Amino acid sequence: EAQVTQNPRYLITVTGKKLTVTCSQNMNHEYMSWYRQDPGLGLRQIYYSMNVEVTDKGDVPEGYKVSRKEKRNFPLILESPSPNQTSLYFCASSPTVSHEQFFGPGTRLTVL
Amino acid sequence: QKEVEQDPGPLSVPEGAIVSLNCTYSNSAFQYFMWYRQYSRKGPELLMYTYSSGNKEDGRFTAQVDKSSKYISLFIRDSQPSDSATYLCAMSVPGGATNKLIFGTGTLLAVQP
């Protein structure tokens with residue numbers, strides 16, 4: 001089944017404790033992105049990647065890092081999480097720079 | 001001012017009603033217009049897209065774009081309880097390298113049986 005998977009789905013952590021949210025897609029897509037979804041603000045792009053070893057900032061990159069060492073994986077790293085990073089995170093992939101992005105199921109992160 | 005504005009609802013309608021969901025936008029460079037549906041505790045899934053102006057129909061769903069008014073709509077005919085979800089409009093500029101979609105905040109729709 002073609003899909004984007006994320007892990008973990010739910011995470012509660014404390015301020016300053018490094019964490020990684022994994023994202024993997026099995027569709028051989030070139031493009032991958034991370035979004036965060038907040039009430040009243042909608043979905044906002046954090047980082048994107050056009051291909052292996054090619055990443056760039058989206059609209060809200062502060063406090064996040066990403067890497068793209070393999071085509072299928074695009075982990076999101078929070079080196080020192082803070083409470084304002086409490087949010088619902090989505091990974092998405094698409095075959096080209098296109099409108100049809102396929103989203104993962106989401107990761108709900110709470111930073112205390 | 002946000003680039004994309006969407007009434008958050010919630011919108012509650014009886015089964016069988018016609019539903020109209022709308023977004024306005026300010027960036028005249030947008031050319032791709034999309035509607036995503038997001039069920040509770042799930043990721044958004046693409047429902048419909050249109051390029052530039054005009055209408056597009058897919059079963060009970062019709063997407064409409066009016067670029068002169070910077071206004072897009074999604075109509076759902078014969079609405080069903082299974083249509084209960086949050087509907088997100090999204091837009092993008094063609095040729096952009098960021099692969100970024102600009103989303104509305106979403107409208108929560110509840111179709112009552």
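Details of the structure are given in the entry above.
Rules used in this analysis
Residues numbered from 1 in each chain as written. Chains lettered and ligands numbered in written order. Predicted model: local features only at pLDDT ≥ 70, side-chain atom pairs only at ≥ 80, totals over all residues. Heavy atoms only, no water. Phe/Tyr/Trp six-rings, centres within 6.5 Å; stacked < 30°, edge-to-face > 60°. Helix = DSSP H or I, 4+ residues; strand = E, 2+ residues; numbered from the N terminus. Buried < 20%, exposed > 50% of the residue type's maximum accessible area, 1.4 Å probe, protein only. Polar contact = N/O pair within 3.5 Å; in protein donor to acceptor, adjacent residues only side chain to side chain. Contact = heavy atoms within 4.5 Å.

A. Structural detail: the packing of aromatic side chains. A complete count under the given rule lists ten aromatic pairs over all chains for this structure. When the centroid spacing of 5.8 Å and the interplanar angle of 90 degrees are considered together, the rings of A:Y35 and B:F103 count as edge-to-face. Within this pair, whereas A:Y35 is found in strand β4 (residues 31–38), its partner B:F103 is found in strand β10 (residues 102–103), the two belonging to separate chains. Each member of the pair A:Y35 and B:F103 is classed as buried. Ring geometry for A:F103 versus B:Y36: centroids 5.6 Å apart, planes at 85 degrees, classification edge-to-face. Placement of the pair is A:F103 in strand β10 (residues 102–103) and B:Y36 in strand β4 (residues 32–38), with the two residues belonging to separate chains. Note on B:Y36: relative accessible area 0%, which makes it buried. Chaining the aromatic ring pairs together yields one cluster made of A:Y35, A:F90, A:F103, B:Y36 and B:F103.

B. Molecular detail of the side chain of B:Q38. For B:Q38, the location among the structural elements is in strand β4. B:Q38 sits in the buried class, given a relative accessible area of 8%. At 3.0 Å, the side chain of B:Q38 and the side chain of A:Q37 are in polar contact. Excluding anything up to four places from it in sequence, B:Q38 contacts A:Q37, A:F90, B:G43, B:P44, B:A85, B:T86 and B:L88.

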